[in-house]
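Analysis of the macromolecular model
Letter by letter, the chains look like this.
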Amino acid sequence: MTDLYLVPGFSQTAGAWDDVRAALPTTARARPLDVPAGATFEGTAARLAREGRGVWSGYSMGGRLALSIALDRPGVVEALVLVSANPGIEDARERAARRRSDEELATLVESDGSERFLERWLAQPIFDGLDPTAARRHRLSSAAELARQLRILGQGTHQPMWDRLGELTMPVAVVAGERDEKYTAIARRIAGAVGPNAALHIVPDSGHALLQEAPATVAAILSTI
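Read on for a plain summary of the structure. (Residues numbered from 1 in each chain as written. Predicted model: local features only at pLDDT ≥ 70, side-chain atom pairs only at ≥ 80, totals over all residues. Heavy atoms only, no water.)

1. Notes on the overall build of the protein
When helices and strands are counted, the protein shows 10 helices and six strands. On the principal axes, the C-alpha backbone points of the protein span a range of 45 × 35 × 35 Å. The buried share of the protein, taken over its 225 residues, is 53%. Across the protein, the fraction of contacts at a sequence separation of at least 24, relative to all contacts at a separation of at least 6, is 75%. Just so you have it, the protein exposes about 9,800 Å², and 50% of that area is on carbon and sulfur atoms. With 25 positive and 28 negative side-chain charges, the protein shows a separation of 4 Å between the mean positions of the two kinds. (Helix = DSSP H or I, 4+ residues; strand = E, 2+ residues; numbered from the N terminus. Buried < 20%, exposed > 50% of the residue type's maximum accessible area, 1.4 Å probe, protein only. Contact = heavy atoms within 4.5 Å. Areas by Shrake-Rupley, 256 points an atom, 1.4 Å probe, with all protein chains shown as cover. Lys, Arg positive; Asp, Glu negative; His and termini not counted. Charge placed at Lys NZ, Arg CZ, Asp CG, Glu CD.)

Structure, rendered in structure tokens:
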């Protein structure tokens, strides 16, 4: 039976996939992973890939990492599921601006601590509709690790992967929430660039945080790819 590797998003631990796991068939070999520390974006993807061959799925930042694995180590990816994910920022000036913004946030979390930072982070409009209690579950408590992820794994730190999407030959499911207009547009573009082996899933009445907002739908997609 195929292993199912699940990579969380920024600030999340492997437990962020718990609701999705609970909705998977009992026979599923789900393996939620914590994002390893101490490496570049590419190095982090390489460390994750050592887990082995299977279906790889990632949410948001985790989706970018899973996509990097699929492009650079396609032999370990039987199928790919990208949930609320962006292949990267194409414009060099926008990437530089994102790096500066993430550096400011990293400095903020180091000065204010993880609790105050996460309170501000989860107050963003992108998380509207997410239950506040659910939003705080399975988050990193280390200010140092939050700052490291911002500096090393943010969208401004790596080259965009848009022009490589046509290299993907495995089945690819692209998932976004209907109310998350930015990522719905991104998902449609990803699916179009990947081509006939891509399946687009727009989840009704859901936003960006699909692991908590629509875990049963995400689990159904994972079960059928």
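2. Section: the pairing of strand β2 (residues 29–32)
Where strand β1 (residues 3–7) meets β2, four bridges bridge the pair, whose relative direction is parallel. Note that in β2 the partner of Leu6 across the bridge is Pro32. Note that the unit made of β1, helix α1 (residues 18–23) and β2 has a crossover that is right-handed. (Pairing = 2+ DSSP bridges. Right-handed = clockwise from strand over helix to strand, strands pointing away.)

3. Quick word on the packing of aromatic side chains
Going through the model one piece at a time under the given rule, you end up with four aromatic pairs. An angle of 25° between the planes, with centres 4.5 Å apart, marks the rings of Tyr5 and Trp56 as stacked. Linking Tyr5 in strand β1 with Trp56 in strand β3 (residues 54–59), this pair joins segments that are 51 residues apart in sequence. As far as the burial class goes, Tyr5 and Trp56 line up, both buried. Ring plane angle 70° and centroid distance 4.8 Å describe the contact between Phe10 and Trp121, whose orientation is recorded as edge-to-face. Placement of the pair is Phe10 in the loop between β1 and α1 and Trp121 in helix α5 (residues 114–121), with a sequence separation of 111 residues. Trp121 shares its class with Phe10; the two are buried. Stacked on the ring of Trp162, the Lys or Arg Arg189 has its end atom at 3.9 Å from the ring centre. (Phe/Tyr/Trp six-rings, centres within 6.5 Å; stacked < 30°, edge-to-face > 60°. Lys NZ or Arg CZ within 6 Å of the ring centre and 35° of its normal.)

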